[in-house]
Amino acid sequence: AGHLGLNQLFAMVTVIVAGRVAGGVVAYHMAFTFFLLPYALLANPLTTTLYPRLAAGAAAGRPTEVAADIAWGLRAMTFVLVPASVLMAVLARPMFEVIRLGNLDAAGADLAAAATTGYLGGLIGYAASFLLTRASYAVGDTRQPTLVSLVATVAGIVALVVGTGLVAGTAAVVVLGLVHAAVASATALVLLRVVGRRIAPIRLGWGLGRDLLAGAAAGAVAWGVAELVGTGSRTAAVVALAAAGVAGLATYLALQAVLGSEQLREVRRPGRVLR
């Protein structure tokens with residue numbers, strides 16, 4: 001209740017602050033909806049299915065195994081979320097051009113795309129913070145993640161009010177996303193340390209670095225293709241989205257194969273879920 005309540009409090013303050021910008025509240029709601037899409041499809045199912053395994057391992061007194069499972073979950077999560085966040089951020093403008101209907105004019109699409117890009121920078125941290133919160137629950141600790149969320153929420157609210165007060169227009173809605181990304185990422189990093197101290201060190205290896213490298217290359221390729229195709233019309237935006245998305249994803253997977261991704265090898269092994 002404390003964890004979810006603090007999340008809702010932060011969302012309420014964001015809506016109030018977004019109201020300082022014309023169209024800001026609508027841009028925020030659209031941006032956060034698109035932000036939640038990859039989380040709901042790719043990260044939340046993994047967290048939900050991994051939780052009973054973490055709880056069983058903790059109850060059986062196997063802390064090293066629990067830490068290894070958490071690390072596996074975080075690596076699997078970043079493997080799928082990095083390309084999703086990068087490609088959606090790079091292609092936010094053509095994406096909103098495709099769905100631009102009714103009163104959502106070009107300026108409104110620009111505003112929503114800018115806000116979405118800001119939020120997507122924190123997708124990995126957001127997903128990781130929920131996984132690590134569940135991991136903390138699995139070992140019987142509800143106090144620490146709630147305290148971490150409390151501190152992060154207070155800091156985030158202050159940053160929202162101050163940050164949006166220093167800028168105006170489109171920059172203000174970008175600040176909404178960037179503050180949320182910073183809060184989510186900081187929360188995940190603190191929880192990683194807290195949970196690691198409680199059970200056993202959580203060793204991630206260099207998988208995140210590899211994912212970010214491949215994601216950066218995929219984003220560059222997708223951006224280049226989208227610029228080449230153009231987004232002057234809805235039809236052009238559809239073509240740009242399809243071509244750039246396929247090219248970016250192919251680049252990401254190709255680089256993962258070249259760099260020897262463990263997650264890519266696991267995908268190729270039917271029936272393999274965890275060690």
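Below is a summary of the structure that appears in this document. These numbers come from a predicted model, not from an experiment. (Residues numbered from 1 in each chain as written. Predicted model: local features only at pLDDT ≥ 70, side-chain atom pairs only at ≥ 80, totals over all residues. Heavy atoms only, no water.)

### Some remarks on a nonpolar patch on the surface
There is a patch of nonpolar side chains on the surface, built from Leu147, Leu150, Val154, Val158, Val161, Val162, Leu166 and Val167 and spanning about 670 Å² of accessible area. Residue placement: valine 154 occurs in helix α7 (residues 143-166). Residue valine 154 is classed as partly exposed on the basis of its relative accessible area of 47%. (Patch = residues over 30% accessible without salt bridge, like charges linked within 9 Å, V, L, I, M, F, W, Y side chains within 5 Å. Areas by Shrake-Rupley, 256 points an atom, 1.4 Å probe, with all protein chains shown as cover. Salt bridge = Lys/Arg side-chain N within 4 Å of Asp/Glu carboxyl O. Helix = DSSP H or I, 4+ residues; strand = E, 2+ residues; numbered from the N terminus. Buried < 20%, exposed > 50% of the residue type's maximum accessible area, 1.4 Å probe, protein only.)

### Topic: the side chain of glutamine 256
Mapping glutamine 256 onto the fold places it in helix α10 (residues 234-258). Reaching out from glutamine 256, the side chain makes a polar contact with the side chain of aspartate 211 at a distance of 2.6 Å. When sequence neighbours within four positions are dropped, the list of residues in contact with glutamine 256 reads Phe79, Arg210, Asp211, Ala214, Ser261 and Leu264. (Polar contact = N/O pair within 3.5 Å; in protein donor to acceptor, adjacent residues only side chain to side chain. Contact = heavy atoms within 4.5 Å.)

### Side note on the packing of helix α9 (residues 207-229) against α10
Interhelical geometry of α9 versus α10 gives an angle of 155° and a closest axis separation of 8 Å. Considering their axes alone, α9 and α10 lie roughly antiparallel with respect to each other. Along this stretch, α9 crosses α10, giving a crossing that reads as right-handed. Contact with α9, carried on its side by Arg210, Asp211, Ala214, Gly215, Ala217, Ala218, Val221, Ala222, Val225, Ala226 and Val229, involves Ala236, Val239, Ala240, Ala243, Ala244, Ala247, Gly248, Thr251, Tyr252, Leu255 and Gln256 of α10 and no other residues of that element. Counted by class, the contact of α9 with α10 contains 16 nonpolar, four polar and two charged residues. (Axes fitted to C-alpha atoms, helices over the stretch in contact; angles between N-to-C directions. Parallel < 35°, antiparallel > 145°, perpendicular 65-115°, else oblique. Left-handed = near helix turned anticlockwise from the far one by under 90°. Nonpolar A, V, L, I, M, F, W, Y, C, P; charged D, E, K, R; others polar.)

### Notes on the pattern of salt bridges
For the coordinates displayed, the defined rule picks out six salt bridges. Taking the shortest distance from any N to any O, the salt bridge between arginine 62 and glutamate 65 comes out at 3.1 Å. Here arginine 62 falls in the partly exposed class, since its relative accessible area comes to 36%. Here glutamate 65 falls in the partly exposed class, since its relative accessible area comes to 31%. For glutamate 262, the salt bridge is made with arginine 210, and the minimal N-O distance between the two is 2.7 Å. Here arginine 210 lies in helix α9 and glutamate 262 lies in helix α11 (residues 262-267), a separation of 52 residues in the sequence. A residue is classified by how much of its surface remains accessible, and glutamate 262, at 34% relative accessible area, is partly exposed. Given the relative accessible area of 1%, arginine 210 is considered buried.

### Topic: helix α3 (residues 63-90)
Taking 1.5 Å per residue as the helical rise, α3 with its 28 residues ought to reach 40 Å, and the 40 Å between its terminal C-alpha atoms agrees with that figure. Helix geometry: α3 is bent most strongly at leucine 81, by close to 30°, with proline proline 83 lying one to four residues after it. Summarising burial for α3: 21 of the 28 residues are buried, a large majority. (Expected span 1.5 Å × (residues − 1). Bend = angle between axes of the 7 residues up to and from the residue.)

### A few points about the environment of asparagine 103
Here asparagine 103 is to be found in the loop between α4 (92-98) and α5 (106-120). Owing to a relative accessible area of 81%, asparagine 103 belongs among the exposed residues under this scheme. Along the primary structure asparagine 103 and threonine 142 are separated by 39 residues, whereas in three dimensions their C-alpha atoms are 45 Å apart.

### A look at the packing of helix α1 (residues 2-18) against helix α2 (residues 24-59)
Each pair of packed helices gets described by two things: the angle between the helix axes and the distance between those axes. Across the interface, α1 lies against α2 with an axial gap of 7 Å and an inter-helix angle of 140°. Accordingly, the angle class assigned to the pair α1 and α2 is oblique. As for the relative orientation of α1 and α2, their crossing is right-handed in sense. Contacts from Ala11, Thr14, Val15 and Ala18 of α1 reach α2 at Gly24, Val25, Tyr28 and His29. Across the contact of α1 with α2, the residue classes break down as five nonpolar, three polar and no charged.

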